[in-house]
Every structure is written in C-alpha cells, then in structure tokens.
Amino acid sequence: MTYKLDYRVSPPAVVGGGGPQQVDTVVRLSRDADSPAPDRYRSLRAFHLLAEDQTPVARVVTEQPLGSRLSGRPAVYHVLDPYGAPLGRITWQRRRAFRIGRMRWSVEQVGGPVLHGYQGRLVWWTLWWPFGLPVSLVWLITSLLGEGDGGIRPPRRIIWRDASHRAHIVFRAVDEDYQVLTQELDPRLVNALIGLHQSYDSSEEAGSFGWYEQL
C-alpha cells in the first residue's frame, strides 16, 4: 500500500492505493478549531482524521511538547479512535545539541510492534555535511538576495523498522510517498504518522511549515 499527501485539496488528504484490492482510500486532515497556538518549537499538534463523508476516524493530540536540544526531550503524540480509546503513540526526537545523531520518529501501536525510523541514511549524511551543507547555504544567501530560488535539502528518507530490523514503512523523499510493507499496522495510525511527519517535513509545494500551518 502506498500513501501520499494531496495538498491540492482543502483540507489536505492522505490518499492510499495499490493494495491487494486496488481501492483508493482518502483521509482528510483537519486541525482542531481549538488547537493550541504553535509553541516556540512548533511541536504542539491537535487534529482529526476524517473519512470522505466527514466521519471522524481518529484524532491526534499532544502528550508532551518538544524540549530543547540540550534536554533532548522528545515530542510525544497520542493517536485515539473516535471514542477516545488509544490506538498508539508517535514520538519525534531531534538530534541533541553537540552530539552526533539523526532525527528519529517512533511508532508504538497498542498490541503491535514498536517501530523506529531515522531520517536519512548515514552514507548520505557523511556526504551532506562536507558538501551539501555549504552548497545549501550558498543557495540560501542567493535566495535572500533575490538572485536564486530553492536549494538542496538534507537527507530525508526514513525506514521504520521493528526490533528484528524488519522494515514496515518507507518514506521515499524523492517521490514524497509512504510505502507500507506489512499488514500489521492500523491504517489509522499510519495516516496519523503521515499527518504528523508532513507537518514537520513537508514537500516543497506545501511551504516551509507543512499543511498544519496552512489551515
């Protein structure tokens, strides 16, 4: 099953297809009307996942906001069903200050596997720091001067694996899609993960802060 976030509709929709039944599914992402204003680290999230007929299928709420890079405290989100029962938990952790590491997204399904995914492959990061970062800074400066646009983004690919190192989800940065390789995950939890991830690391067509800041 392959999922992709469609920014051409409002509110944005997670579209999935390519499964055994070849039936597309559409889940709308709708930020809560009373959701808290983004905090300093833009980590507060509260939104609903709606079916095409606007029926709620799940809700994402913030359990713990992101801490500073010195503290290393991750942002933690609960995924609930329409009746408030927990479906799982999603954690976002940045690299701590003055330490080598990668951003990590973790998915914990109730009664299911715990998955961890790290942004970018180590081999690409080793090339990014000495070569990609300087070029990206040059692009940024020329953009500020009005003489350039865009730039080179850091490695973004993520593979979520379980404790046995088996891959369950793959985010392909070039195609901006998510491939679900197993049937062990609740689709509602997958859609919640896509909504959260795309609110931080969105495609270029969505702007700097993703779909969540547009609504």
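Everything here concerns the structure above.
These numbers come from a predicted model, not from an experiment.

## Things to note about the pairing of strand 5 (residues 56–64)
Pairing of strand 4 (residues 46–50) with strand 5, which is carried by five bridges, proceeds in the antiparallel orientation. If you follow F47 over to strand 5, its bridge partner there is V60. In textbook terms, the turn of a hairpin is the stretch between consecutive antiparallel strands, and for strand 4 and strand 5 this stretch comprises five residues, one of which, Q54, has a positive phi near 75°. Strand direction decides the pairing type here: strand 5 and strand 6 (residues 75–80), joined by five bridges, are antiparallel. Each bridged residue has a counterpart across the sheet, and for Q64 the counterpart in strand 6 is V76.

## Here we look at the sheet that holds strand 11 (residues 167–172)
Spatially, 12 strands are ordered 1-2-3-4-5-6-7-8-9-10-11-12 in a closed barrel, and the strand pairing comes out antiparallel. Sheet twist, expressed as the mean angle between neighbouring strand axes with direction ignored, is 20°.

## Focus: empty space enclosed by the protein
Applying the stated rule across the entire model yields one cavity of 30 Å³ or more. Computed from the structure, the largest cavity encloses a volume of approximately 40 Å³. For the largest cavity, the lining is made up of 11 residues, of which L66, S68, G72, R73 and R94 are closest to its centre. Across the lining of the largest cavity, the residue classes break down as two nonpolar, four polar and five charged.

## Some thoughts on the pairing of strand 12 (residues 177–180)
Where strand 1 (residues 2–6) and strand 12 come together, three bridges link them in antiparallel fashion. In the strand pairing of strand 12, Y3 is matched with Y178. Relative to strand 12, strand 11 runs antiparallel, the two being bridged by four bridges. Counted as the bridge partner of R172 is D177 from strand 12. Counting the residues in the hairpin turn of strand 11 and strand 12 gives four residues, including E176, whose phi is positive at 55°.

## A closer look at the packing of aromatic side chains
This structure, assessed with the given rule, holds seven aromatic pairs. A ring pair is formed by F47 and Y212, whose centres lie 6.3 Å apart and whose planes are at 65°; its orientation type is edge-to-face. In this pair, F47 is assigned in strand 4 and Y212 in the segment after helix 2 (187–200), connecting sequence segments 165 residues apart. Here F47 falls in the buried class, since its relative accessible area comes to 0%. Each member of the aromatic cluster is reached from another via a ring pair, and the members are F47, W211 and Y212. Over the aromatic face of Y212 sits the side chain of R31, whose NZ or CZ is 5.1 Å from the ring centroid.

## Observations concerning the pattern of salt bridges
In total, this model carries 11 salt bridges according to the counting rule given. E63 serves as the salt-bridge partner of R89, at 3.8 Å between the closest nitrogen and oxygen. Within this pair, whereas R89 is found in strand 7 (residues 86–93), its partner E63 is found in strand 5, the two being separated by 26 residues in sequence. Given the relative accessible area of 30%, R89 is considered partly exposed. For E63, a relative accessible area of 40% corresponds to the partly exposed category. We note a salt bridge from E176 to R156, for which the minimum N-O separation is 2.8 Å.

The rules behind the values
- Residue positions are counted from 1 within each chain, in the order its sequence is given.
- In keeping with the predicted nature of the model, local features appear solely for residues at pLDDT of at least 70, side-chain atom pairs appear and are counted solely at 80 or more, and the whole-chain, interface and lining totals rest on all residues.
- Just so you know, side-chain values use all the structure's heavy atoms and leave hydrogens and water out.
- Two strands qualify as a pair provided DSSP detects at least 2 bridges between them.
- Numbering goes from the N terminus for both helices and strands, where a helix is a DSSP run of H or I of at least four residues and a strand is a run of E of at least two.
- Axis geometry follows a simple rule: fit a line to the C-alpha atoms, using only the stretch in contact for helices, then measure angles between N-to-C directions, giving values from 0 to 180 degrees.
- Buriedness for pockets is judged along seven lines, at least five of which must meet protein on both sides within 12 Å for an open set on the 1 Å grid over protein atoms alone, while cavities are sets there where a 1.4 Å probe fits but cannot get out, and lining residues have an atom within 4 Å of a point.
- Grid points are joined across faces, edges and corners, and a volume is the space filled by probe spheres set on the points.
- Three classes are used: nonpolar for Ala, Val, Leu, Ile, Met, Phe, Trp, Tyr, Cys and Pro, charged for Asp, Glu, Lys and Arg, and polar for all others, with Gly counted as polar.
- The rule is short: rings of Phe, Tyr and Trp, with Trp giving its six-membered ring, pair when the centres are within 6.5 Å, and they are stacked under 30 degrees, edge-to-face over 60, tilted in between.
- Accessible area is worked out with a 1.4 Å probe on protein chains only. A residue is then buried under 20% of its type maximum, exposed over 50%, and partly exposed in between.
- Only lysine NZ and arginine CZ atoms are considered, and such an atom sits over a ring when it is within 6 Å of the ring centre and within 35 degrees of the ring normal.
- What makes a salt bridge here is a side-chain nitrogen of Lys or Arg within 4 Å of a carboxyl oxygen of Asp or Glu, nothing more.

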